[in-house]
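Inside the fold
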Amino acid sequence: MANLAKFRRNRFASVLVLFFALAVVSIGFSGVNKLVTPAAAKIGSEESLVDKGSALFAEGCSSCHGLNGQGTSDGPTLAGVGAASVHFQVSTGRMPMAAPGAQVMRKAPSYNEEETLALAAYVATFGPGPAIPSEEQVNEWQNASVSEGGELFRTNCAQCHNFAGSGGALTNGKYAPSLGQATPLQIYEAMITGPQSMPIFSDETLTPESKAAIIRYIQELNKSENPGGMDLGRLGPVTEGLVLWVVGLGVLIIFAVWIGARVR
Amino acid sequence: MSNTTVNKKTPAAYNYVDSRVGFSAALKRNMRKVFPDHWSFMLGEIALYSFLILLLTGTFLTLWYKPSMTEVIYNGSYIPLKGIPMSEAYASTLEISFDVRGGMLLRQIHHWAALFFIAAMVVHLLRVFFTGAYRKPREFNWLLGIALLTLGLLAGFSGYSLPDDLLSGVGLKIASGIIQALPVVGTWALYFLFGGEFPGTEVISRLYSIHILLLPGAILALVTAHLLLVWTQKHTQYPGPGRTEKNVVGYPLLPVYTAKAGGFFFIVFGVTTLLGALVTINPIWLYGPYTPDQVTAGSQPDWYIGFLEGSLRVMPAIEFNIFNTWTFSPNVLIPALILPGLMFALMGAYPFLESWITGDKREHNLLDRPRNAPTRTALGTMSLSFYILLWIGGGNDIIATTFNLSINAITWFMRVALIAVPPLVFIATRRICLGLQRNDLDKLLHGKETGRILRLPEGGFVEVHEPVSEAELPKLLARETYPVWELPQKVDANGIKTPKYRRQLMKAKLSAWWTKGDLPIPTMKEIQSGQHHAHEALEQAHEFGVEPGKEEIVTSTNH
């Protein structure tokens with residue numbers, strides 16, 4: 001005891017005591033917390049997907065969509081949007097939204113695939129809506145015809161997403177995004193749920209075979225094979241004109257100055 | 001034969017031909033012709049060389065291209081379009097791109113050269129405008145140039161339409177809408193051009209004849225006339241030592257100028273080929289064949305039609321019916337027909353308008369420095385700003401997605417800017433020109449600032465000025481002013497009315513506006529005394545021991 005009393009006046013004593021106190025409080029709190037907190041933080045494999053989704057929903061979505069997904073002034077109701085819609089919005093990182101604006105932007109997803117599926121399963125309980133398409137449905141694109149897909153793409157998609165899926169402008173700051181990052185599953189989900197300004201392409205409008213063909217064509221576009229050289233963003237003549245004036249004519253004028261320089 | 005002296009040293013074959021064709025005299029006369037040297041005189045050459053490249057590559061393309069709208073099923077080597085019905089025109093363009101050896105490269109060189117052709121004409125036009133090269137005796141050549149530009153636009157648009165891809169089809173659809181907007185004759189004109197309803201089965205083959213026969217022929221003829229006029233009128237030159245209105249200072253055609261110009265042709269061809277080889281232009285295989293039920297986002301014309309695209313996009317939607325029978329659509333008529341008509345008419349009339357306002361009917365072979373014609377320069381930049389704003393308006397969708405802006409906001413901004421920005425540009429340019437003139441005047445009257453500060457024995461500080469160099473003096477002296485047009489009395493002393501008084505009044509007002517803010521031209525005596533003064537100051541500085549570039553500050557030499 002005497003040794004300890006001697007240590008009392010050591011200059012590190014107070015720091016050590018502080019750390020000890022912090023450790024006691026934090027370990028104690030986490031223990032108590034575990035007992036008090038409901039399912040929200042307690043995700044175990046024994047719970048069903050819906051329960052897990054419910055917890056994630058309460059934590060990350062309810063502030064805008066309401067605790068029961070009924071919608072608030074900040075976000076629409078989710079009754080009837082279906083699992084496919086949730087999976088599309090969350091897996092493309094659009095939900096949760098970074099900031100309100102004319103359009104929600106694609107970004108890195110905040111939830112992993114398991115959590116995304118749980119959210120989708122939970123939201124699907126609010127009311128019937130399009131389900132996440134099955135793997136066979138999505139993978140059908142591998143057997144589809146690319147030229148048929150191109151024809152369907154140009155008829156149904158190119159008017160907003162541009163001829164090469166590079167995206168295009170819509171009204172008041174809204175836009176059709178580039179399809180460069182979209183996975184076959186996400187493209188399928190977008191077609192059946194119609195996110196943001198996009199129309200819904202039901203199976204009556206575009207049969208599953210047609211959807212598969214379109215996905216096939218987009219995969220072809222995303223290979224980015226450019227037989228003509230650099231593609232300039234595949235945006236059409238605007239970037240071509242820019243390159244002509246800045247690079248082409250710029251280089252020629254530099255040469256003209258060189259040739260026109262007086263010989264000394 | 002007796003009066004022809006045959007040089008025994010020249011080969012017999014040469015003499016044989018020359019005594020029948022007689023070109024040696026013409027060669028002797030013309031090969032020593034002198035051209036002034038300046039990089040800005042080579043901009044028109046870029047256009048000429050691009051045109052030659054277009055003729056060469058275009059001929060190659062005609063060997064495979066089929067100007068037919070007959071529907072065929074594609075069975076070439078581009079897999080994503082296999083089995084798709086399309087016009088023969090589009091199928092043959094795909095064939096050129098994927099199945100003809102070197103076809104893709106030549107197609108892309110042809111397209112890049114077309115963009116170069118018109119861009120070079122535009123920058124050449126700007127050079128001619130801002131230096132006043134269109135003044136007497138070159139007004140006709142200015143008109144020829146404008147005709148060439150118009151033909152170039154038509155040649156470009158007709159060529160852009162030939163592949164019959166989705167993009168060019170949309171362009172043709174817009175063109176058909178513009179034709180229909182013509183009052184009274186619109187519908188008839190559309191049927192005349194397309195041989196029936198849009199798109200019909202005729203338009204591609206008709207455009208083809210126009211594109212490969214009529215327009216290149218007309219361009220070639222006008223280019224020849226353009227160059228012949230340059231040849232006979234001699235080239236203009238910038239003011240400089242030894243250069244006058246009556247001479248041309250430069251290099252002879254042979255060998256120097258021929259070497260330079262010939263070399264430049266290969267440079268232009270080389271740069272165009274590099275672009276054609278490395279950068280995709282008009283990827284028709286991605287656009288797909290044209291069908292009237294399809295359209296792609298970002299449908300744009302090539303850059304030279306971009307200003308019309310912009311004026312169409314920016315124009316508010318005004319349309320009305322007369323007696324509920326005739327649709328009248330100024331929303332298309334004004335931006336797509338009246339505006340370009342007005343622009344080209346003003347461009348053509350400009351040299352005549354200017355000489356009417358300034359009253360200048362003299363011949364000019366020395367060019368103006370842009371600062372020395374502030375009102376003209378300001379009018380030029382003002383028009384240019386209007387044109388560039390139209391360009392931006394034409395690309396509003398690409399700008400919106402690239403910079404995360406609202407396309408509606410851009411359109412509204414353009415509507416305001418097209419009216420507000422050009423006048424501001426006019427005012428700013430004129431002020432800048434006058435400021436530069438003041439600087440020139442200062443150099444003439446007080447010499448050139450050297451940046452060397454001299455402390456005088458009395459304690460005062462002066463900056464040492466040096467006289468303007470012999471090489472720079474002619475440049476500074478080149479400015480001239482025009483007298484303000486004096487308005488005659490409306491009714492003279494005898495009570496007789498001045499004829500055409502209103503026109504005279506307008507001319508007087510325009511003349512006053514033209515010369516507003518002009519600085520007086522210094523007399524030769526003032527300049528000489530100014531230069532002399534600067535010379536003396538420099539001498540004095542040397543006396544105090546200031547050597548140029550050696551010592552920046554000297555203190556008093558009294559000690």
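Note that the structure is a prediction, hence the values are computed from the model and not measured. (Residues numbered from 1 in each chain as written. Chains lettered and ligands numbered in written order. Predicted model: local features only at pLDDT ≥ 70, side-chain atom pairs only at ≥ 80, totals over all residues. Heavy atoms only, no water.)

1. As for the overall build of chain A
Just so we agree on the cut-off: Where helices and strands are cited, they refer to DSSP runs of H or I of at least four residues and of E of at least two residues respectively, numbered from the N terminus. Radius of gyration here uses only the C-alpha atoms, and the compact-globule reference equals 2.2 Å multiplied by the residue count raised to the power 0.38. Should any heavy atoms of two residues lie within 4.5 Å, those residues are considered in contact. Note on areas: Shrake-Rupley with a 1.4 Å probe; residue coverage comes only from the protein chains shown. Think of it this way: Lys and Arg go in the positive column, Asp and Glu in the negative one, and His and the chain ends go nowhere. Lys charges are placed at NZ, Arg charges at CZ, Asp charges at CG and Glu charges at CD.
Helix and strand counts for chain A stand at 12 helices and 2 strands. Along the chain direction, N to C, the helices and strands of chain A fall in the order α-α-α-α-α-α-α-α-α-β-β-α-α-α. Taking 18 Å as the expected radius of gyration for a compact globule of 264 residues, we find that chain A reaches 28 Å, considerably beyond that expectation. Referenced to the eigenvectors of the C-alpha coordinate spread, the extents of chain A come out at roughly 95 × 75 × 40 Å. Of the contacts formed within chain A by residues at least 6 apart in sequence, a portion of 61% connects residues at least 24 apart. Roughly 14600 Å² of accessible area belongs to chain A as shown, and the carbon and sulfur atoms make up 62% of that amount. Each charge class in chain A was averaged separately, 18 positive and 21 negative side chains, and the resulting centres sit 21 Å apart.

2. Here's the deal with the pairing of strand β8 (residues 461-466) of chain B
All names here are of chain B. Put simply, the rule is: For two strands to pair, DSSP has to find at least two bridges joining them.
Relative to β8, strand β7 (residues 448-455) runs antiparallel, the two sharing 5 bridges. Considered in β8, the bridge of Glu449 is made with His465. The turn linking β7 back onto β8 is made up of 5 residues, and Gly459 within it adopts a positive phi angle of 110 degrees.

3. Description of the domain arrangement of chain A
Residues and elements named next belong to chain A. Rules: Residue ranges for the domains originate in an automatic or database domain assignment. Buried area: the accessible area, evaluated with a 1.4 Å probe, that two parts lose upon being put together, summed over both parts. Between Lys or Arg on one side and Asp or Glu on the other, a salt bridge is scored when a side-chain nitrogen of the former is within 4 Å of a carboxyl oxygen of the latter. Polar contacts, as used here, are pairs of N or O atoms within 3.5 Å; protein pairs need one atom able to donate a hydrogen and one able to accept it. Residues neighboring in sequence count only if both atoms are side-chain atoms. Three classes are used, and their members are as follows: Ala, Val, Leu, Ile, Met, Phe, Trp, Tyr, Cys and Pro are nonpolar, Asp, Glu, Lys and Arg are charged, and the others, Gly among them, are polar.
When cut into domains, chain A gives domain 1 (41-124) and domain 2 (135-225). The C-alpha centroid of domain 2 is placed 24 Å from the C-alpha centroid of domain 1. The interface is formed by 13 residues belonging to domain 1 together with 15 residues belonging to domain 2. Taken over both partners, the interface formed by domain 1 and domain 2 buries close to 1200 Å², and the fraction arising from carbon and sulfur atoms is 51%. Taken as a group, Phe88, Gln103 and Arg106 account for 47% of the area that domain 1 buries against domain 2, more than any other trio of residues on that side. Viewed at the interface, domain 2 and domain 1 are joined by 0 salt bridges. Our enumeration of links across domain 1 and domain 2 arrives at 7 residue pairs in polar contact (both at pLDDT 80 or more). Of the residues that constitute the side of domain 1 that touches domain 2, the class distribution is 5 nonpolar, 6 polar and 2 charged.

4. Focus on the packing of helix α16 (residues 407-446) of chain B against helix α19 (residues 524-543) of chain B
Residue and element names in this part refer to chain B. Rules: Each axis is a line fitted through C-alpha atoms, and for a helix only the stretch in contact is used; angles between axes span 0 to 180 degrees, taken between their N-to-C directions. Working rule for angles: under 35 degrees goes down as roughly parallel, over 145 as roughly antiparallel, 65 to 115 as roughly perpendicular, anything else as oblique.
Look at α16 against α19: their axes get within 5 Å of each other, and the N-to-C directions meet at 70 degrees. Here α16 is positioned roughly perpendicular relative to α19, judged by the angle of their axes. Two secondary-structure elements touch here, α16 through Lys443, Leu444, Leu445 and His446 and α19 through Glu526, Ile527, Gly530, Gln531 and Ala534. Tallied by class, the residues present in the contact of α16 with α19 amount to 4 nonpolar, 3 polar and 2 charged.

5. Some thoughts on the state of the cysteines
Residues and elements named next belong to chain A. Put simply, the rule reads: To count as a disulfide, a pair of cysteine sulfur atoms needs to be within 2.5 Å. Three exposure classes are used, based on accessible area relative to the maximum for each residue type with a 1.4 Å probe and protein chains only: buried under 20%, partly exposed in between, and exposed over 50%.
Counted under the stated rule, the structure contains 0 disulfides over all chains. In this structure Cys160 is not part of a disulfide, and its nearest cysteine sulfur, from Cys157, lies 9.0 Å away. The class of Cys160 is partly exposed, set by a relative accessible area of 30%.

6. Points about the pattern of salt bridges
Residues and elements named next belong to chain B. Considering all chains together, one arrives at 19 salt bridges over all chains under this definition. A salt bridge links Arg376 to Glu354, with the shortest nitrogen-to-oxygen separation between them at 3.1 Å. With Arg376 in helix α14 (residues 374-394) and Glu354 in helix α13 (residues 330-358), the pair connects residues that are 22 residues apart, well separated along the chain. A relative accessible area of 1% means that Arg376 is categorised as buried. Under the relative-accessibility criterion, Glu354 is labelled buried at 4%. Taking the shortest distance from any N to any O, the salt bridge between Arg376 and Asp368 comes out at 3.1 Å. Summarising the burial analysis for this pair, Arg376 and Asp368 share the class buried.

7. Quick word on the environment of Leu166(B)
For Leu166(B), the position within the fold is in helix α7 (residues 166-180). When the C-alpha positions of Leu166(B) and Tyr49(B) are compared, they lie 30 Å apart, and in sequence the two are 117 residues distant. For Leu166(B), the contacting residues outside a window of four places in its chain are Arg154(A), Tyr287(B), Gly288(B), Pro289(B), Tyr290(B), Thr291(B), Gln294(B), Val295(B) and Thr296(B).

8. Focus: a nonpolar patch on the surface
All names here are of chain B. We count it as follows: Like-charged residues are merged into a patch within 9 Å and nonpolar side chains (Val, Leu, Ile, Met, Phe, Trp, Tyr) within 5 Å, provided each residue has over 30% relative accessible area and no salt bridge.
Taken together, the side chains of Leu182, Val184, Val185, Trp188, Phe192 and Leu193 make up a nonpolar region of the molecular surface, amounting to roughly 660 Å² of accessible area. Among the secondary structure elements, Trp188 is positioned in helix α8 (residues 186-194). The class of Trp188 is exposed, set by a relative accessible area of 60%.

9. Points about α13(B)
Stated precisely, the cut-off is as follows: A helix is expected to span 1.5 Å for every residue after the first.
For α13(B), which comprises 29 residues, the first-to-last C-alpha distance of 36 Å sits more than 12% below the rise-based estimate of 42 Å (1.5 Å per residue). Gly359(B) sits one or two residues past α13(B) and shows a positive phi near 70 degrees.

10. Some points on the domain arrangement of chain B
All names here are of chain B. Splitting chain B by domain gives domain 1 (32-356), domain 2 (369-439) and domain 3 (440-507 + 515-554). Taken over C-alpha atoms, the centre of domain 1 sits 46 Å from the centre of domain 3. Counting the surface lost from both domain 1 and domain 3, the interface buries some 540 Å², and carbon and sulfur atoms represent 70% of this. Looking only at domain 1, the three residues that lose the most surface to domain 3 are Pro239, Pro241 and Trp356, adding up to 81% of its buried area. Between the two partners, domain 1 and domain 3, sit 0 salt bridges. Per-class residue counts for the side of domain 1 that touches domain 3 are 3 nonpolar, 1 polar and 1 charged.

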